[in-house]
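Examining the three-dimensional arrangement
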Amino acid sequence: MSGRLPPLTALRAFEAAARHMSFQRAAEELNVTPAALSYQIKALEADLGQPVFRRLNRAVELTEAGRCLAPGATDAFTTLSAAWRSTKRLTDGGVLTVTAGPAFTSKWLAPRMYDFAQAHKEIELRFLATLRIIDFDRDEVDVAIRFGLGHDKDVYTRPLIDEWMTPMMTPEMAQRYDTPEKLAQATLIHDDSIGFFKLPTGWEAWCKAAGIEIDTSHGTRFSQADHAIDAAIAGAGVVLGRVSLATRALEARRLVAPFDVGLISEAQFRFICPQGNEKRPHIAAFEAWVLEEIQTSKKFAEGRQLVRASELP
């Protein structure tokens, strides 16, 4: 039995027709006429020595041979397409596609994009704001910045920020609530995006770390961390803010963090890319810039009592 493959065009025509179960739609996808596509499939059947489709009145269906061939053909073309896109990105060093969660994109990356662009005019930075699991090849992404507990496998990963949080409010509100105990009269803003943490890191946990007992069940709840921070900036209440996302607001004094106690979660931001790609010049430049920028937020930890959530009773 010969192991010679049929022409690639014939296999491509079959794969598209099997996926759509329509010669017409497959021809439209491949930008050929239905007659040309039918010719390619007949050539494949001649090579195989048996039909792969049954031609019905207004439809087609796979024969046993077609059902055997279709999954492998689809997998092969999917793999080939991914490899082609990855190889093309190697030659396009001027574009860097970064994915991060919506909150980190809006509060950390976007405000700093101009600074990166000025320092690296040779790189065009593109953002994909999403929390879904990324396939670097399928999604044509170069770098992912992810927040969580960190179980990354078979990729290059580097911890960026150990997240900690503390009460934040406008300077005007800070005059009114100048001690932790006075938060009992404040409107508390809850960031429910941290609900996936194994250890409690919300208002109740912070109060334990600060050694106070107040009712934290009331207030306004947000599913996104950036929305919670925006509400605090607008003066809607006091947020238990994540410092990494609030750095610019703290620098501009749109928010202040008046209390000494901070709560460290077990989650962290990580810089992730395909193994070996961290050495590519534009990815290495972006990683170095991110690490340098992160240093600016560390000043807010100076002189504070940072308590780990895992150490709370």
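Before reading on, note that the structure itself is shown above.
Here the structure is a predicted model, which is why all the values come from computation and not from measurement.

1. Section: the overall build of the protein
In terms of regular secondary structure, the protein is built from eleven helices and eleven strands. Over its C-alpha trace the protein gives a radius of gyration of 27 Å, far above what one expects of a compact globule, namely 20 Å for 313 residues. Summarising its shape, the C-alpha atoms of the protein cover approximately 85 × 40 × 35 Å along the three principal directions. The buried share of the protein, reckoned over its 313 residues, is 47%. Residue pairs at least 24 apart in sequence account for 78% of intrachain contacts in the protein once pairs closer than 6 positions are excluded. Summed over all atoms, the accessible surface of the protein reaches about 16600 Å², with 53% contributed by carbon and sulfur. Within the protein, the 40 negative side-chain charges are centred at a point lying 5 Å from the centre of the 37 positive side-chain charges.

2. Here's the deal with the packing of helix α1 (residues 8-20) against helix α2 (residues 23-30)
Contact geometry of α1 with α2 gives a least axis separation of 8 Å together with a crossing angle of 125°. Classified by the interaxial angle, the pair formed by α1 and α2 is oblique. Judged by the twist between their axes, the crossing of α1 over α2 is right-handed. Contacts between α1 and α2 pair R12, A13, A16, A17, R19 and H20 from the former with F23, R25, A26, E29 and L30 from the latter. For the contact of α1 with α2, the residue count by class is six nonpolar, one polar and four charged.

3. Brief notes about the nonpolar core
Ranked by internal contacts, the top residues of the largest apolar core, which has 70 residues, are F104, V143, I145, M169, L183, W206 and F286. Looking at this core element by element, the count peaks at seven residues for strand β10 (residues 261-274). Excluding its chain neighbours within four sequence positions, the residues that come into contact with F104 are L109, I145, I161, L245 and F269. Listed in part, the 20 residues of the second largest apolar core include A17, A18, F53 and V60.

4. Description of the environment of P167
Take P167: it is sitting in strand β6 (residues 155-168). Remark: the alpha-carbon pair of P167 and F23, spanning 144 residues in sequence, is separated by 62 Å. Residues in contact with P167, not counting those within four places in the same chain, are L183, W203, W206, V238, V239, L240, V256, A257, P258, F259 and V261.

5. Details of α2
Of all the positions in α2, only F23, A26 and A27 are classed as buried. Burial along α2 is one-sided: seen end-on, the buried residues are contained in an arc of 100°. On its buried face, α2 is in contact with α1, α3 (34-48), β1 (53-55) and β2 (60-62). Measuring from the side-chain oxygen of the N-cap residue of α2 to the backbone nitrogen of Q24 gives 3.3 Å; that N-cap residue is S22. Of the residues one or two after α2, N31 is the one with positive phi, at around 60°.

6. Section: the pairing of strand β7 (residues 188-191)
Of the two faces of β7, the one carrying L188 and H190 and the one carrying I189 and D191 are both buried. Pairing analysis gives two bridges linking β7 to strand β9 (residues 238-242), with the strands arranged parallel. For I189, the partnering residue across the bridge sits in β9 and is V239. Pairing between β7 and strand β8 (residues 220-222): three bridges, direction parallel. In the strand pairing of β8, D191 is matched with F222. What joins β7 to β8 is helix α8 (residues 203-210), and the crossover it makes is right-handed.

7. As for helix α11 (residues 281-294)
For α11, spanning 14 residues, the distance from its first C-alpha to its last is 20 Å, which sits close to the expected 20 Å at 1.5 Å a residue. For α11, the complete set of buried residues consists of H282, I283, A285, F286, E287, W289, V290, E293 and I294.

Conventions we followed
Residues numbered from 1 in each chain as written. Predicted model: local features only at pLDDT ≥ 70, side-chain atom pairs only at ≥ 80, totals over all residues. Heavy atoms only, no water. Helix = DSSP H or I, 4+ residues; strand = E, 2+ residues; numbered from the N terminus. Rg over C-alpha atoms; globule rule 2.2 N^0.38 Å. Buried < 20%, exposed > 50% of the residue type's maximum accessible area, 1.4 Å probe, protein only. Contact = heavy atoms within 4.5 Å. Areas by Shrake-Rupley, 256 points an atom, 1.4 Å probe, with all protein chains shown as cover. Lys, Arg positive; Asp, Glu negative; His and termini not counted. Charge placed at Lys NZ, Arg CZ, Asp CG, Glu CD. Axes fitted to C-alpha atoms, helices over the stretch in contact; angles between N-to-C directions. Parallel < 35°, antiparallel > 145°, perpendicular 65-115°, else oblique. Left-handed = near helix turned anticlockwise from the far one by under 90°. Nonpolar A, V, L, I, M, F, W, Y, C, P; charged D, E, K, R; others polar. Core = buried A, V, L, I, M, F, W, Y, C linked by side-chain atoms within 4.5 Å. Arc of directions from axis to C-beta. Polar contact = N/O pair within 3.5 Å; in protein donor to acceptor, adjacent residues only side chain to side chain. Pairing = 2+ DSSP bridges. Right-handed = clockwise from strand over helix to strand, strands pointing away. Expected span 1.5 Å × (residues − 1).

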